[in-house]
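A look at the structure
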Amino acid sequence: AFFYSLVHNMRRFFKGKIHVVDLGGKLKGGVKNLNQVPKRRDLAVVVLPSKLVMKNWRYLLNLMIKAIVLVAGGFNQQQREELARWVAKRKISVLGPNATSGVINTSKGLCATPERDFMPPRGGVAVISQDGAVGMAILDWASFYGVSVSKFASTGDGIDVTEADLLEFLTHDKETKVICIYLESVRDGRRFLGSIREAMKRKPVIVMKGGTARDKQDRIFAASLKQIGAIRVDNVEELLGVADALAKQPPMQGDRVAVITNAGGAATLVADALSRKGF
């Protein structure tokens, strides 16, 4: 189902050249063999089970594609290590495996996701998600609330491209005004936090973290985020509300807030909330 939705979305939204490879030969307009694809393409989105990925991996690398998104999961440790070795040799960028929600670049019409006919409105909020389902939930809520998106990436297992790599890219991306991240584990904590620190010099970074049951580790992580100035949120609604506000107006320079209202009770609640936060 992902494959057919992916092909549909790319044909509908993408502004560039598309080559569809269907090894089963059932899809109209596609080819059956990787050898029929021109070399040096920009991106390949691979929707195959792990065994078929390993079987066709060398043929795929021989196409000298700049970047690959591996959608499927199910790779064991030995397979992931083998993929990583080949990637290092060829100097190619790989997102995944288990990047189940794919990637989006709204400015290019790139919509490599499992949800058919789904393309977020173009804007300034970028989203990175380790988990595919949470990533799609964030995009669905963004569409519901009218939050405009610049880029989206599901990182999955991260054998090559990690959250830190994407942070460094988005820091210098002119279309991105705010960076949102959902993660459950931190790969190379020192580099990850350093990437957030550098990004914060240019634009806000909002972090939502799952797997917080281990209180000590979570307290350390929370303290680190606070020290470098990142914004920690607890749920998708809060993530998008903060991101949308920061994308539409510059961050505050002080602690003074005026509340204007036509209903007294709501203003009182807002004033109380601001006071609790130190405004």
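Summarised in this report is the structure supplied together with it. (Residues numbered from 1 in each chain as written. Predicted model: local features only at pLDDT ≥ 70, side-chain atom pairs only at ≥ 80, totals over all residues. Heavy atoms only, no water.)

**Considering helix H5 (residues 163–171)**
Structurally, the α-helix is built with 3.6 residues per turn, so residues lying three or four positions apart point the same way. Glu163, Ala164, Leu166, Leu167, Leu170 and Thr171 are the residues of H5 that are buried. All buried residues of H5 lie within an arc of 160° about the axis, which places them on one face of the element. Lining the buried residues of H5 we find strand S3 (93–95), strand S6 (122–129), strand S7 (149–154), strand S8 (178–183), helix H6 (189–200) and strand S9 (205–209). (Buried < 20%, exposed > 50% of the residue type's maximum accessible area, 1.4 Å probe, protein only. Helix = DSSP H or I, 4+ residues; strand = E, 2+ residues; numbered from the N terminus. Arc of directions from axis to C-beta. Contact = heavy atoms within 4.5 Å.)

**Some details on the sheet that holds strand S1 (residues 43–46)**
The sheet built from three strands is open, its strands ordered S1-S2-S3 with parallel pairing. The open sheet has two edge strands with one neighbour each: S1 and S3. Mean inter-strand twist for the sheet, computed between neighbouring axes without regard to direction, equals 15°. One ladder, built from four bridges, connects S1 with strand S2 (residues 67–70); its direction is parallel. Counted as the bridge partner of Ala44 is Ile68 from S2. (Pairing = 2+ DSSP bridges. Axes fitted to C-alpha atoms, helices over the stretch in contact; angles between N-to-C directions.)

**A closer look at the pairing of S2**
For the crossover from S1 across helix H2 (residues 50–61) to S2, the handedness is right-handed. Remark: the S2/helix H3 (residues 77–90)/S3 crossover connection has right-handed handedness. (Right-handed = clockwise from strand over helix to strand, strands pointing away.)

**Points about the packing of aromatic side chains**
Evaluation of the coordinates by the stated rule reveals four aromatic pairs. A centroid spacing of 5.5 Å and a plane angle of 70° characterise the contact between Phe3 and Tyr4, whose relative ring orientation is edge-to-face. Tyr4 gets classed as partly exposed once you look at its relative accessible area, which sits at 41%. Seen from their ring centres, Trp141 and Phe144 are 5.9 Å apart, and the 80° between their planes marks the pair as edge-to-face. Here Trp141 and its partner Phe144 are both found in helix H4 (residues 132–145), three residues apart, which amounts to about one turn of the helix. (Phe/Tyr/Trp six-rings, centres within 6.5 Å; stacked < 30°, edge-to-face > 60°.)

**Regarding the sheet that holds S9**
Judged by pairing direction, the sheet is mixed, and its seven strands sit side by side in the order S5-S4-S7-S6-S8-S9-S10 without closing on themselves. Only two strands of the sheet have a single neighbouring strand rather than two, namely strand S5 (110–112) and strand S10 (231–233). Adjacent strand axes in the sheet meet at a mean angle of 20° when their direction is disregarded. Relative to S9, S8 runs parallel, the two being bridged by five bridges. Residue pairing across strands places Cys180 opposite Ile206, the latter belonging to S9.

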